[in-house]
Each structure stands twice: as C-alpha cells, then as structure tokens.
Amino acid sequence: MPQRDPTELRPPRPRSHWGWAVLVLLLVAAAAYWWLGERSARVSEPASPVAQTSAPPAAPAQEAPPAEEPASPLNPIEAPEAAQPPLPALADADTVVGAALGELLGAQRVGAYLQVDGFVRRVVATVDNLAREQAPAQLWPVHPMPGRFTVQGADGAGQIAPANAARYGAFVAFAEAVPLDGAVQLYTRLYPLFQAAYEELGFPGKYFNDRLVAVIDHLLAAPEPAEPVAVRLVPVAGEVPSLRPWVRYEYADAALQSLSAGQKIMVRVGRANERRLKAVLTQARARVARAAPKAQP
C-alpha cells in the first residue's frame, strides 16, 4: 500500500478521547466470546481445534462500500501535540503496540485481556464487524471471558441466568476506569496504523475514525429488554455429539436474534451492564464526534 502523509489522516482539531472509545469497544467484544465466536462451531463442534500460532489475516469486507466517498473525514483525529518517533510498518508493529499498551494499562492487564499479536488489524476488523451480522472470534483483540454461559430452564429452552451478568462486571469496571488522557495520546500516535489497517481491510479512501463513530451510534441503539431474555438451544445436525452445548444458544425472540453481532452482545451482558457501557460510549461520543448521529434502522 502506498505510503501516506500522516497529516492527511489527522487534520488538526480540539482534543478528543478516541482511545477511550476504542478500548470500550474492545471490552464489548470481549463480553460475548462464548455467545458469538464459539457458536460458529455448533454444527460440527470439532474435538481438537487447530491452535492459532500467528495473527490471522484481516477479515474481508462483508458488504460493498457506498458509491459516494467522503473527501475528508467527518470525525477527524488531531495531530499529536509533540513530535513523535516514526511508526513501524503495520506488519511490524506488534512490538511497539504491545509496549505502548503495557505502559498505558499495565503488563498484567494487557496479558489478561488483550491479544497483542496483530492487535491493530484485530481492532479494526472487530470494530467494523460489530455492526454486522457476524464478528468472527478468531479476529478479536481480546481473550475469551472466563466461565460459561448459563441458562435457567431445561429441555433446550429457558432464560439467560442472572449470574451471567456478574461475569462481565470486571470488564465494565475496566471500561469505566480507562485512563483517558493516556488512551487519547496512544490512539492519536498510532492512528496511521489503524487507518492503514482499515484501508487494507477493503475501504480505501474511507476513514477508520468515521467507522468507529458509526459503530458507537449503532451500539447505543441496542435494545434494553426489561424482562429476562429467553433463549433456545439450536440442535446439532447429524450424529456428532454435542460437547459444548453452552455455545449453541440463540435468542428466542426473532427481533433480538436478527440484531447485529455488537447489539446482541450489548443485550447479552445484562441490562445494568449495558446501560453502564452505553454511558461510557455516550461520554466518548460527545467528546469525539463532529457529525450528528445518523438515524438507526
């Protein structure tokens, strides 16, 4: 990909909190590892999955971009206030990105929560996919949630157990406690890498910042069911034994089941956690977005 002048990607603007928003979206992705990622194996459920030894390639775009392309970003990121050392190429960025994340969050948290290999590509692919039907878990920049998805009920149907919401408490608290100034500085400094990964994903001439804002708006529009959410167990086709039945649940309500990957996650974390995450995303959007929210379908 041709080298681009970073100033083309970062027109000056007031201070923003982009890094905060990115980290919150990562936590949203982490919250549903067992619901969305592992469910892709529900039909065959292989007993011995192949180990992932390197970062997977970025997922191809799942839909064609619109014909009209913005000439400049709708939600531009500002240039760093001070001179910065040159960034490595995207393919060689893991060491620099991993060290920067460690400085921001601490090595222990990075090791517990994040997949550092191919981190930038993983972030870009996951953010883009959260507003789509599928968000492949092999591309996520986060480790799986501990524990298993549990349901109240029997015979393949029931409701999401209240204990599931408690599993996400640590992640939600982490989102609320992200150091904002440091996150801003890190994202601003690394933004050319995110932009390069977004173009590599299949969106030349478009801007990752704008996609990030659009996904925030999409997640904020997720429904908030007041009653316990009903789920049902999808049967396994053929004679393959069901070794992991907890990965085969889907929403019983057709409207919920038709939601995007990201909105399903927001519903699944529980109403209280969903509102806490939306509060963080709302604060982030108020600081970063120039464009007004678009009406959600």
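Residues numbered from 1 in each chain as written. Predicted model: local features only at pLDDT ≥ 70, side-chain atom pairs only at ≥ 80, totals over all residues. Heavy atoms only, no water.

Comments concerning the overall build of the chain
(1) Moving on: Broken down by element type, the chain carries 13 helices and 4 strands.
(2) Moving on: Among the 297 residues that make up the chain, the fraction classed as buried is 48%.
(3) Moving on: Carbon and sulfur atoms make up 56% of the accessible area of the chain, which amounts to about 13900 Å² in all. (Helix = DSSP H or I, 4+ residues; strand = E, 2+ residues; numbered from the N terminus. Buried < 20%, exposed > 50% of the residue type's maximum accessible area, 1.4 Å probe, protein only. Areas by Shrake-Rupley, 256 points an atom, 1.4 Å probe, with all protein chains shown as cover.)

Looking at the nonpolar core
Within soluble globular proteins, side chains that are nonpolar generally end up buried alongside one another.
(1) Moving on: Val97, Leu114, Phe194 and Phe208 are the most contacted members of the largest nonpolar core, which has 51 residues in total.
(2) Moving on: With 10 residues, the top contributor of residues to this core is helix α9 (residues 180-201). (Core = buried A, V, L, I, M, F, W, Y, C linked by side-chain atoms within 4.5 Å.)

Points about the packing of helix α6 (residues 119-130) against helix α10 (residues 208-220)
(1) Moving on: The contact between α6 and α10 brings their axes to 9 Å, and the two run at 40°. On the basis of the axis angle, α6 is oblique to α10. As α6 runs across α10, the sense of the crossing is left-handed. Residue-level contacts link Val123, Val124, Val127, Asp128 and Leu130 of α6 to Phe208, Arg211, Leu212, Val215 and His218 of α10.
(2) Moving on: Within the contact of α6 with α10, the residues separate by chemical class into 7 nonpolar, 1 polar and 2 charged. (Axes fitted to C-alpha atoms, helices over the stretch in contact; angles between N-to-C directions. Parallel < 35°, antiparallel > 145°, perpendicular 65-115°, else oblique. Left-handed = near helix turned anticlockwise from the far one by under 90°. Contact = heavy atoms within 4.5 Å. Nonpolar A, V, L, I, M, F, W, Y, C, P; charged D, E, K, R; others polar.)

A closer look at helix α12 (residues 261-268)
(1) Moving on: By the criterion of burial, α12 is predominantly enclosed, with 8 of the 8 residues buried.
(2) Moving on: Every buried residue of α12 is listed here: Ala261, Gly262, Gln263, Lys264, Ile265, Met266, Val267 and Arg268.
(3) Moving on: Just past α12, the residue Gly270 takes up positive phi, approximately 100°.

A closer look at the sheet that holds strand β4 (residues 249-251)
(1) Moving on: What the 4 strands build is an open sheet, ordered β1-β2-β3-β4; its pairing is antiparallel. Taken across any chain shown, the strands that pair with only one partner, and hence form the sheet edges, are β1 (151-152) and β4. (Pairing = 2+ DSSP bridges.)

Quick look at the pattern of salt bridges
(1) Moving on: Taken as a whole and judged by the stated rule, the model has 10 salt bridges.
(2) Moving on: When the shortest N-O distance is used, the salt bridge between Asp128 and Arg132 registers 2.9 Å. Across this residue pair, the class does not change: Asp128 and Arg132 are buried.
(3) Moving on: Here Glu176 makes a salt bridge to Arg276, at a shortest N to O gap of 2.7 Å. With Glu176 in helix α8 (residues 169-176) and Arg276 in helix α13 (residues 271-288), this residue pair connects regions lying 100 residues apart in the sequence. (Salt bridge = Lys/Arg side-chain N within 4 Å of Asp/Glu carboxyl O.)

Looking at the environment of Pro76
(1) Moving on: Mapping Pro76 onto the fold places it in the loop between α3 (33-37) and α4 (94-105).
(2) Moving on: Placed 131 residues apart in sequence, Pro76 and Tyr207 show a C-alpha to C-alpha distance of 8.5 Å.

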